[in-house]
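Each chain, letter by letter, is given below.
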Amino acid sequence: LKLKSVAKMNLIKRTTVWPLIRNTVFAVEKEYSRRFYPIVKRSFCTILPLEQQSQISLLHEEIKEFTNPYTDVLNELTEAAERGESKVAAEWFRKALHYNLSVSSKKNGLMTVLAYKELVRGGNQLTTENLRLSHLLGWCLELQHCTILITDDIIDNSTTRRDQLCWHRRDDVGLNAINDALLFENGIYELLRRHFRHLHCYVQLLELFQQNTFKCMLGQSLDMLISRRNVSTFSVEAYTSIVRNKTSSHFFYLPIALALHLAGISEQQIYDDCERITFEFGNFCQAQNDFLDCFGDPNETGKLGTDIQANKCTWLAVKCMERADERQRSIMEKFYGKNDPQEVARVKELYEELDLIEIYTKYEKETYNNIETMIFQACNGAPRKTLLKMLNQINQRDIK
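Residues numbered from 1 in each chain as written. Predicted model: local features only at pLDDT ≥ 70, side-chain atom pairs only at ≥ 80, totals over all residues. Heavy atoms only, no water.

## Quick notes on the nonpolar core
Of all hydrophobic cores here, the largest spans 112 residues; its most connected members are L192, F196, F209, F281, M332, Y336 and Y351. Counting contributing residues, this core receives three or more from each of domain 1 (1-47 + 213-399) and domain 2 (50-198). Aside from chain neighbours lying at most four places away, what touches M332 is V231, A317, C320, M321, V347, L350 and Y351. (Core = buried A, V, L, I, M, F, W, Y, C linked by side-chain atoms within 4.5 Å. Buried < 20%, exposed > 50% of the residue type's maximum accessible area, 1.4 Å probe, protein only. Domains from an automatic or database assignment. Contact = heavy atoms within 4.5 Å.)

See the structure below:
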């Protein structure tokens, strides 16, 4: 059941049969999950409040505006590369940038712009130049994500990303992608040097990117090291540490922190509340990502799932080991981390046997409600509207 029309949804929800419809959909979803070994994108029945749905629809126009500096970013970074007196290398850099940046949803970088606009709304800071700077910060964020995703795909030996071959999988690229990822990272500091060094927040922006890149790489390292261990050693603590460093810091906290510094916000409580909320974003998003890696349709997710084969410490694996009896634990220990399709299928069957699809669906709904409450309780001055947009974009699988 897909309710895409806000008007239709509003009409249906006002009828007396709405509770019956909603309960019926849940029942159908549960039965379908049990009988047909599903390909599930997300909970079918996540119906957002109408106000929040209208906010999501606004993103389409805002993304168009955010995309405007794209060509300028390509040109500036290409020109910077040409200073090395190697036109061939500069042309290759541009090709790598376009291949990886052009397929991004742009929504992570856009969140910096939206948060900045919310923070300075009503003041005299929202000038054309400052708005342009917020867009450029968003593109620096997009560059950082490309750096991280390229290296992540190499480590995980992934095949596809965002509906196309991973950069390192192209015949003309290979492990040269490692050098390209380093170029992307240094492109961030080139843009910051060109456009932000006259601002008081310049050093803070530099430190934010450096610290969050470092945290993410630590998370990548921990993810890799734990994947070498037996699944019986997986724990909630290890999983939480991976998520905090690998996902929460740079995908969710960094966009907001960049906007706070650009807007000149100095109140520490605002930073603390935003960090606490975005950490929960990371938990929510990573659990969703782990679930879709196993049960998602590659046509919808844009990538082929490899978590089971790669012996990853995922939300599903941790929940499975928590709930498994001795027989089920032995199945996991025998088949988890194997490449054989039949062994992978056996792990998925065990996930179904333990009702992890139903457990995830419940987790998704409860987590959404808990984070929403945290946002409303954040101190005055926090960009609540932008945080809500981020939450709803995660829920719609339209961010990260």
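## Considering a nonpolar patch on the surface
Taken together, the side chains of L175, I178 and L182 define a hydrophobic patch exposed on the protein surface, amounting to about 300 Å² of accessible area. Its location among the elements puts I178 in helix α8 (residues 177-196). Taking the relative accessible area as the measure of exposure, I178 reaches 43% and is therefore partly exposed. (Patch = residues over 30% accessible without salt bridge, like charges linked within 9 Å, V, L, I, M, F, W, Y side chains within 5 Å. Areas by Shrake-Rupley, 256 points an atom, 1.4 Å probe, with all protein chains shown as cover. Salt bridge = Lys/Arg side-chain N within 4 Å of Asp/Glu carboxyl O. Helix = DSSP H or I, 4+ residues; strand = E, 2+ residues; numbered from the N terminus.)

## A few points about unusual backbone geometry
Peptide bonds are, in most cases, trans, and in most cases residues other than glycine have a negative phi. The residue E85 is not glycine, and still its phi comes out positive at about 55 degrees. Looking at where E85 falls in the secondary structure, it is placed in the loop between α4 (70-82) and α5 (87-101). Since its relative accessible area comes to 76%, E85 is described here as exposed. Positioned with a positive phi, D163 is a non-glycine residue whose angle comes to about 65 degrees. Its place among the elements puts D163 in the loop between β1 (160-161) and β2 (164-165). What makes D163 exposed here is its relative accessible area of 58%.

## A few points about α8
With 20 residues, α8 extends 28 Å from end C-alpha to end C-alpha; this agrees with the ideal 28 Å at 1.5 Å per step. Every buried residue of α8 is accounted for by A177, D180, A181, F184, G187, I188, Y189, E190, L191, L192, H195 and F196. Where the residues of α8 are buried, they touch α4, α5, α7 (128-156), α9 (202-226) and α10 (236-262). (Expected span 1.5 Å × (residues − 1).)

## Let's talk about the environment of G174
Inspection of the secondary structure assignment puts G174 in the loop between β2 and α8. For G174, a relative accessible area of 23% gives the class partly exposed. Expressed as a C-alpha distance, the spacing of G174 and I154, which sit 20 residues apart in the sequence, is 9.2 Å.

## Quick word on the packing of aromatic side chains
Under the definition given, this model contains 13 aromatic pairs. Consider the rings of Y99 and W167, whose centres lie 5.0 Å apart with planes at 45 degrees: the pair is tilted. With Y99 in helix α5 and W167 in the loop between β2 and α8, this residue pair connects regions lying 68 residues apart in the sequence. For the pair F291 and F295, a centre-to-centre distance of 5.2 Å together with 50 degrees between the ring planes defines the contact as tilted. Residue F291 and its partner F295 are both found in helix α11 (residues 268-295); the two are separated by four residues, about one turn of the helix. (Phe/Tyr/Trp six-rings, centres within 6.5 Å; stacked < 30°, edge-to-face > 60°.)

## Concerning the side chain of Q220
For Q220, the position within the fold is in helix α9. For Q220, a relative accessible area of 5% corresponds to the buried category. Excluding anything up to four places from it in sequence, Q220 contacts I148, T151, D152 and K246.

## Thoughts on the pattern of salt bridges
Applying the stated criterion across every chain, the model contains 21 salt bridges. Between E82 and K87 there is a salt bridge whose closest N-O contact spans 4.0 Å. As a salt-bridge pair, D152 and R161 come within 3.6 Å of each other at their nearest N and O atoms. Via salt bridges that share partners, D152, D153, D156, R161, D223, K246 and K312 belong to a single interconnected network.

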